[in-house]
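Structure assessment
So the chains spell out like this:
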Amino acid sequence: MNSRPATFDELDRKIVTALTANARSSFAEIGATIGLSATAVKRRVDRLRETGVITGFTATVKPSALGWRTEAYVEVYCEGAAPPRRLAEVVRNHPEITAAMTVTGGADALLHVRATDVEHFEEVLERIRTEPFIRKTISYMVLSHLLPESPEAGASQPAPADTPRHAPDVR
């Protein structure tokens, strides 16, 4: 990985935006959209990967298609100061935990959990609570996604072109 700071211009932003919307877009397709040759797009993507701006490519899968129909966020409260490394070890043992982070505020960590149904979620929660340093948990079941085009909602299509995905550039 390159240690010098990366330059990031408007063309790079357009390339990243195109790849974020559809990582399977060809360099030729991206180039035609932003006014560069496929070779120039490839060089820029290679540089963005080398400098760590682009960290990988992935597929977005609709969780319900895999049987994961129940979703919740779980606040975790620990006894004393549980080190983030220990929390990371615990969450890696639960495939139902799709995201986990330490947070500020009353809770020590926040977990995003997907399960097949409420009974499965309850079983996952009980497994999490067996850890000796976990004092309590508070769960929030997801009822609906207010941003259905987001990856967290399992979106498989980018938002419609007429729907702004970010704040307009006001100068």
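Residues numbered from 1 in each chain as written. Predicted model: local features only at pLDDT ≥ 70, side-chain atom pairs only at ≥ 80, totals over all residues. Heavy atoms only, no water.

1. Some thoughts on the overall build of the protein
Along the protein, the regular secondary structure elements total five helices and four strands. Going from N to C terminus, the protein has its helices and strands arranged as α-α-α-β-α-β-β-α-β. Within the protein, buried positions represent 29% of all 171 residues. Long-range contacts, defined here as pairs at least 24 residues apart, represent 64% of the contacts in the protein between residues at least 6 apart. (Helix = DSSP H or I, 4+ residues; strand = E, 2+ residues; numbered from the N terminus. Buried < 20%, exposed > 50% of the residue type's maximum accessible area, 1.4 Å probe, protein only. Contact = heavy atoms within 4.5 Å.)

2. Remarks on the pairing of strand β2 (residues 97–102)
As paired elements, β2 and strand β3 (residues 109–115) share five bridges and run antiparallel to each other. The partner of A99 across the bridge, within β3, is H112. (Pairing = 2+ DSSP bridges.)

3. What to know about the pattern of salt bridges
Tallied over the entire structure, the rule returns eleven salt bridges. Here R127 and E123 are joined by a salt bridge, their closest N and O atoms 2.4 Å apart. Of this pair, R127 and E123 both sit in helix α5 (residues 118–129), separated by four residues, roughly a single helical turn. Note on E123: relative accessible area 37%, which makes it partly exposed. If you follow the salt bridges from partner to partner, you end up with D9, D12, R44 and R47 in one network. (Salt bridge = Lys/Arg side-chain N within 4 Å of Asp/Glu carboxyl O.)

4. Describing the sheet that holds strand β4 (residues 134–141)
Paired through backbone hydrogen bonds, the strands of a sheet run either parallel or antiparallel to each other. The sheet built from four strands is open, its strands ordered β2-β3-β1-β4 with antiparallel pairing. Of all the strands in the sheet, the pair left with one neighbour each is β2 and β4. Put simply, the sheet's adjacent strands are angled 20° from each other on average, direction ignored. Seen against the sheet, α5 touches β1 (70–78), β2, β3 and β4 and runs at an angle of roughly 160° to β4. (Axes fitted to C-alpha atoms, helices over the stretch in contact; angles between N-to-C directions.)

5. Quick notes on the confidence of the model for the protein
Taken residue by residue, the protein gives an average pLDDT of 86. The fraction at 70 or more is 87%. Within the model, pLDDT remains below 50 along residues 157–171, and this stretch shows six contacts once partners closer than five positions in the same chain are excluded. (pLDDT = per-residue confidence, 0-100.)

6. Side note on the nonpolar core
The biggest cluster of nonpolar side chains holds 19 residues, and the ones touching the most others in it are V74, V76, L111, V113, F121 and F133. When residues of this core are traced back to their parent elements, those giving at least two are β1, α4 (84–92), β3 and α5. Once residues lying within four places of it in the same chain are set aside, the contact partners of F121 are T70, A72, V74, V113, A115, S139 and M141. Counting residues in hydrophobic clusters, the runner-up holds eight residues, among them I15, I34, V45 and L48. (Core = buried A, V, L, I, M, F, W, Y, C linked by side-chain atoms within 4.5 Å.)

7. Remarks on the packing of helix α2 (residues 27–34) against helix α3 (residues 38–50)
Interhelical geometry of α2 versus α3 gives an angle of 105° and a closest axis separation of 8 Å. With respect to each other, α2 and α3 are oriented roughly perpendicular. On α3, the residues touching F27, A28, I30, G31 and I34 of α2 are A38, V41, K42 and V45. Of the residues belonging to the contact of α2 with α3, the class tally is seven nonpolar, one polar and one charged. (Parallel < 35°, antiparallel > 145°, perpendicular 65-115°, else oblique. Nonpolar A, V, L, I, M, F, W, Y, C, P; charged D, E, K, R; others polar.)

8. Considering the packing of helix α1 (residues 10–21) against α3
Contact geometry of α1 with α3 gives a least axis separation of 11 Å together with a crossing angle of 85°. Between α1 and α3, the interaxial angle falls into the category roughly perpendicular. Note on element contacts: α3 touches α1 through V41, R44, V45, R47 and L48, opposite L11, D12, I15, V16 and L19. Along the lines of polarity and charge, the residues of the contact of α1 with α3 split into seven nonpolar, no polar and three charged.

9. So, the pairing of β1
With eight of its nine residues buried, β1 lies for the most part within the structure. The pairing of β1 with β3 spans seven bridges and is classified as antiparallel. Looking at the pairing, V76 lines up with A109 of β3. Sheet topology note: the β1/β4 ladder contains seven bridges and is antiparallel.

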